[in-house]
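The residues making up each chain are set out below.
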Amino acid sequence: MLLICPHCKQQYNIDEGKIPPSVKTVKCKNCGQQFPLQPAGGIAAPKTPPKQPVRRIGVCISKGGVGKTTTSVNLAAGLAFAGFKVLLVDTDTQGQDSFVLGVKPKGGLTELITEELKPEEAIFKARERLWLLAGGKSLAGLKRLIDRKDFGGERTLAEALEPLENQYDYVIVDTSPGWDPLTVNVLFYVNEIITPVSLEIMTLQGLVEFLKSLSAIQKHRKEVALKYILPTFHDQRVKKCTNILEKIEQLYGHMLCKPIRHNVHLSESPSVGQTIFEFAPGSTGAEDYRELVRKVADNDKLFR
Ligand SMILES: Nc1ncnc2c1ncn2[C@@H]1O[C@H](COP(=O)(O)OP(=O)(O)OP(=O)(O)O)[C@@H](O)[C@H]1O
Ligand SMILES: [Mg+2]
């Protein structure tokens with residue numbers, strides 16, 4: 001509790017728990033005046049704003065190699081760097097999020113769900129304010145486990161994450177290419193979706209197909225929605241890129257994010273286990289992912 005002496009305006013930070021209940025007034029050490037503890041004499045500190053509900057964001061599209069992992073890791077790292085607490089969840093058997101971050105957790109999502117590890121053992125602190133629930137080969141067994149459930153299999157991931165998500169400001173979920181029981185699980189957990197659309201290859205068709213599958217899920221779960229379309233591998237010199245971008249703008253303009261440019265540093269940074277902000281903070285890749293962080297956090301002032 002912050003108290004301000006009404007006479008000399010001296011401020012005191014007081015541990016509320018240490019004030020005996022009988023104490024009603026306090027004496028200012030600076031001017032010697034007594035004043036009521038509260039409410040009239042002392043001004044209670046403005047309370048820290050209540051924590052916003054956690055935002056659950058999935059990075060999804062069935063098409064492979066379009067920048068899902070690059071986006072998941074750098075968005076999560078960027079949000080953490082901006083001061084938010086972030087849990088990155090890798091739901092891909094390739095387990096690349098660990099590789100990109102240069103860490104080797106002893107377990108991850110599978111072990112959390114099967115309860116082989118306690119949450120504090122399964123969740124690996126990868127950076128300051130950034131925690132990772134790793135994916136990897138063991139997720140194949142988890143998919144079988146989900147398939148074997150008679151009912152409620154689609155909520156397996158949600159049931160595992162809901163009890164612990166409130167410690168974080170953001171949960172970012174990286175997904176595998178294709179469509180499998182874990183993809184469905186992700187869509188039964190996240191509320192917002194970022195879909196990377198590579199401008200190098202024709203992914204518009206992939207986007208349309210993904211949206212069809214998503215609408216099938218939305219019949220059962222209204223909360224999940226496509227919120228951001230993120231063009232990736234953008235190269236202004238290539239006419240095809242500009243054409244695809246124009247087409248996306250016509251169709252989904254309101255969801256369109258500023259494109260992530262093709263940047264060699266983005267493809268090099270995983271080999272040394274670094275995020276783009278660590279590997280090449282001055283690169284266009286870092287600049288573009290900082291822009292995405294500002295857009296997602298809805299705060300133009302971040303990193304400025
Ligand atoms: N903007 C970019 N510029 C250059 N290279 C990039 C860019 N974004 C991603 N890459 C590289 O392209 C490759 C594919 O990216 P990434 O692994 O993020 O795609 P993905 O959609 O997760 O793939 P998968 O479907 O296999 O999981 C990686 O080698 C990555 O480093
Ligand atoms: Mg990936």
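A quick note: this is a predicted structure, and the numbers were derived from the prediction, not measured.

1. Considerations on the sheet that holds strand β8 (residues 130-133)
Move 1: Read from one edge of the open sheet, 7 strands run β7-β8-β6-β9-β5-β10-β11, paired in mixed fashion. The sheet is open, and its two edges are formed by β7 (123-127) and β11 (225-232), each paired on a single side. When the angles between neighbouring strand axes are averaged without regard to direction, this sheet yields 25 degrees.
Move 2: Across 4 bridges, the pairing between strand β6 (residues 86-90) and β8 is parallel.

2. Overview of unusual backbone geometry
Negative phi values dominate among residues other than glycine, just as trans dominates among peptide bonds.
Move 1: The phi angle at Glu115 is positive, at roughly 65 degrees, despite the residue not being glycine.
Move 2: By the secondary structure assignment, Glu115 is in the loop between α3 (109-113) and α4 (119-122).
Move 3: A tally of 10 C-beta atoms within 10 Å means that Glu115 is categorised as exposed.
Move 4: Here Phe233, not a glycine, exhibits a phi torsion of approximately 55 degrees, which is positive.
Move 5: On the secondary structure map, Phe233 appears in the loop between β11 and α9 (239-252).

3. Quick look at the pairing of strand β9 (residues 170-174)
Move 1: Of all 5 residues in β9, 5 are buried, a share of seventy percent or more.
Move 2: By the alternation rule, side chains of β9 split into Tyr170, Ile172 and Asp174 and Val171 and Val173, which are all buried.
Move 3: Here 5 bridges tie strand β5 (residues 55-59) to β9, and the two strands are oriented parallel to one another. Bridge assignment links Arg55 to a residue of β9, and that residue is Tyr170.
Move 4: Strand direction decides the pairing type here: β6 and β9, joined by 5 bridges, are parallel. Bridge pairing links Asp90 to Asp174 in β9.

4. Re the packing of helix α1 (residues 68-81) against helix α12 (residues 284-297)
Move 1: At their nearest, the axes of α1 and α12 sit 9 Å apart, and the two run at 70 degrees to each other. By the angle between their axes, α1 is roughly perpendicular relative to α12. Crossing of α1 against α12: the hand is right-handed. Contacts between α1 and α12 involve Asn74, Leu75, Gly78 and Leu79 from the former and Tyr289, Arg290, Leu292, Val293, Val296 and Ala297 from the latter.

Conventions we followed
Residues numbered from 1 in each chain as written. Chains lettered and ligands numbered in written order. Predicted model: local features only at pLDDT ≥ 70, side-chain atom pairs only at ≥ 80, totals over all residues. Pairing = 2+ DSSP bridges. Helix = DSSP H or I, 4+ residues; strand = E, 2+ residues; numbered from the N terminus. Axes fitted to C-alpha atoms, helices over the stretch in contact; angles between N-to-C directions. Buried ≥ 20, exposed ≤ 12 C-beta atoms within 10 Å, placed from the backbone. Parallel < 35°, antiparallel > 145°, perpendicular 65-115°, else oblique. Left-handed = near helix turned anticlockwise from the far one by under 90°. Contact = placed C-beta atoms within 7 Å.

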